[in-house]
Amino acid sequence: MQGRTFWQGQWKSLVAILAVFLLCFYLPVEQLQQWPRLHAAFWNALYLVRWYAQEHVILCLVPAFFIAGAIAVFLSQEAVMKYLGAEAPKALAYGVAAVSGTILAVCSCTVLPLFASIYRRGAGLGPAIAFLYSGPAINVLAIILTARVLGLSLGVARAIGAILFSVVIGLVMQALFPGPTAAPAVSPPSPPSDDSPRSLGQQVIFFAVLVGILVFANWAQATTEAPLWQAIAQGKWWITGGLGLILASLLVFWYQLNLSKVLLVIGVTAVLAWRFGSQPLLPFGAAIVGLGWLTSTARGEAKAWFESSWEYAQQILPLLLVGVLIAGALLGRPGSEALIPSQWITQAVGGNTIGANFVAAIAGAFMYFATLTEVPILQGLLANGMGQGPALALLLAGPALSLPNMLVIRQIIGWRKTVAYVVLVVLMATLCGFGYGYFWG
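Structure report, in brief. Note that this is a predicted model, so its numbers are computed, not measured.

### Here we look at the overall build of the protein chain
When helices and strands are tallied, the protein chain shows 22 helices and 0 strands. Counting all 441 residues of the protein chain, 53% fall into the buried class. In the form shown here, the protein chain has an accessible surface area of approximately 19,800 Å², with 68% of it arising from carbon and sulfur atoms.

What follows is the structure, encoded as structure tokens:
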């Protein structure tokens, strides 16, 4: 009855989100492309949003929403304040925030629900901003791929620059806006007080499993011949499935979910994985739907977890899709132009002037980069004459910002703080790119 009561007030939002998502997923752009009067920017916007819906929403964003919801419900505010709060020792707070992104293969949009959850649980603005910047910029996969494809010096400069930038930008943001730690536009529901909290070890295991599912489900195809990376890439769905079974066990034994319902979800997912092994989105999507069903119809902490995750999805997903449409119309997608011709960008970022670095930082700030896609894009730009300094400027501004990212951040922390954050990222990326190009380019 509780699940039915909840959906009576939410079913319209759910239907609207599903309708828009399915429209993006199945856009018949190949057939519509025959219409001669439509501008290329329109097609690029449609192609980009379809690709985003197919490749990024189910595997990246939805797991991130569940992680954000879990942070809001299961992670105590005292724990957040201890390590990231405004009263925490600055060295500890900024150190944790600056390096925590190394374990997450996230891009500028996937980190948003995690940032929103941490910020609204009481983290100081500075450490929260440091986490927001460093998360997409220094994940291990991106650093390794950058060093491997673009050169060791550029990979090292990216890693060091991203960590230092996150701390500096966080400190400046905290100095500019020293007010209250958070403005809770959305207050996630709190679990009932009679539910006993998990121990620290149980919390660590639970979050490690959730993060592991997010990381391995999005593990990119190996670009080297190293046996370990090849093995992980080939077996990533077996690893993800194993972590899913661990999560199911935790939900039964620690969160008292109904065993028969959990077994039903496992069975449906296993059948789909066996029948549609070449289409992993189907079983993964079924598992996500099953997790939503299990938690939305449960009681106590599990139900609060779902409701918190749903709040973040409602707030963030529509803005991201709109932002991706706009970004595709303005800047296109890899290999295809839109309103702004690609040669303009290439001509503007040749050499190593302040202007070239500034243009590269601006272009990176407004373009959308999924995890690791900035590396092949930069490889093509470097081959067409882009300077080393502007390349680093784009690497430091691109993964941490995007037009969809800005729209969501504005809703979380307000437009003044968002503008300040964007300006700081662009200026820091410009100066760092110019310095790198001057000394090592």
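### A short note on helix α10 (residues 152–176)
With 25 residues, α10 extends 36 Å between its outermost C-alpha atoms, agreeing within 8% with the 36 Å of an ideal straight helix rising 1.5 Å per residue. Those residues of α10 that fall on the buried side of the exposure criterion are L154, G155, A157, R158, A159, G161, A162, F165, S166, I169, G170 and M173.

### Section: the packing of aromatic side chains
Scanning all chains against the criterion turns up 13 aromatic pairs. Summarising the aromatic geometry, the rings of F115 and Y119 are spaced 5.9 Å apart at their centres and angled 15° between planes, so their arrangement reads as stacked. Here F115 pairs with Y119, and both are found in helix α7 (residues 111–120), just 4 residues apart, close to one helical turn. Residue class for F115 comes out buried when judged on its relative accessible area of 1%. Taking the centre distance of 6.3 Å and the plane angle of 40° together, the rings of Y133 and F165 count as tilted. With Y133 in helix α8 (residues 125–137) and F165 in helix α10, this residue pair connects regions lying 32 residues apart in the sequence.

### Some thoughts on the packing of helix α4 (residues 40–74) against helix α11 (residues 200–217)
Contact geometry of α4 with α11 gives a least axis separation of 9 Å together with a crossing angle of 165°. The angle between α4 and α11 places the two elements in the roughly antiparallel class. At the point where α4 passes α11, the crossing takes the left-handed sense. In contact with L59, C60, P63, I67, A70, I71 and F74 of α4, α11 contributes Q203, F206, F207, L210, V211, L214 and A217.

### Remarks on unusual backbone geometry
One non-glycine residue, Q256, lies in the positive phi region at around 55°. Summarising the element assignment, Q256 is placed in the loop between α13 (236–253) and α14 (259–275).

### Observations regarding the nonpolar core
The biggest cluster of nonpolar side chains holds 128 residues, and the ones touching the most others in it are Y133, I169, F206 and Y421. It is α4 that provides the largest number of residues to this core, a total of 21 residues. When neighbours within four sequence positions are excluded, Y421 is seen to be in contact with I129, L132, Y133, I169, M173, A400, L401 and I409.

### Regarding a nonpolar patch on the surface
A cluster of nonpolar side chains, contributed by F358, I362, F366, W415, V419, V423 and L427, occupies part of the molecular surface with about 640 Å² of accessible area. When residues of the nonpolar patch are traced back to their parent elements, those giving at least two are α18 (354–366) and α22 (415–439). Per element, the largest residue contribution to the nonpolar patch is 4 residues, and it comes from α22. Locating L427 in the fold gives a position in helix α22.

Criteria and thresholds
Residues numbered from 1 in each chain as written. Predicted model: local features only at pLDDT ≥ 70, side-chain atom pairs only at ≥ 80, totals over all residues. Heavy atoms only, no water. Helix = DSSP H or I, 4+ residues; strand = E, 2+ residues; numbered from the N terminus. Buried < 20%, exposed > 50% of the residue type's maximum accessible area, 1.4 Å probe, protein only. Areas by Shrake-Rupley, 256 points an atom, 1.4 Å probe, with all protein chains shown as cover. Expected span 1.5 Å × (residues − 1). Phe/Tyr/Trp six-rings, centres within 6.5 Å; stacked < 30°, edge-to-face > 60°. Axes fitted to C-alpha atoms, helices over the stretch in contact; angles between N-to-C directions. Parallel < 35°, antiparallel > 145°, perpendicular 65-115°, else oblique. Left-handed = near helix turned anticlockwise from the far one by under 90°. Contact = heavy atoms within 4.5 Å. Core = buried A, V, L, I, M, F, W, Y, C linked by side-chain atoms within 4.5 Å. Patch = residues over 30% accessible without salt bridge, like charges linked within 9 Å, V, L, I, M, F, W, Y side chains within 5 Å. Salt bridge = Lys/Arg side-chain N within 4 Å of Asp/Glu carboxyl O.

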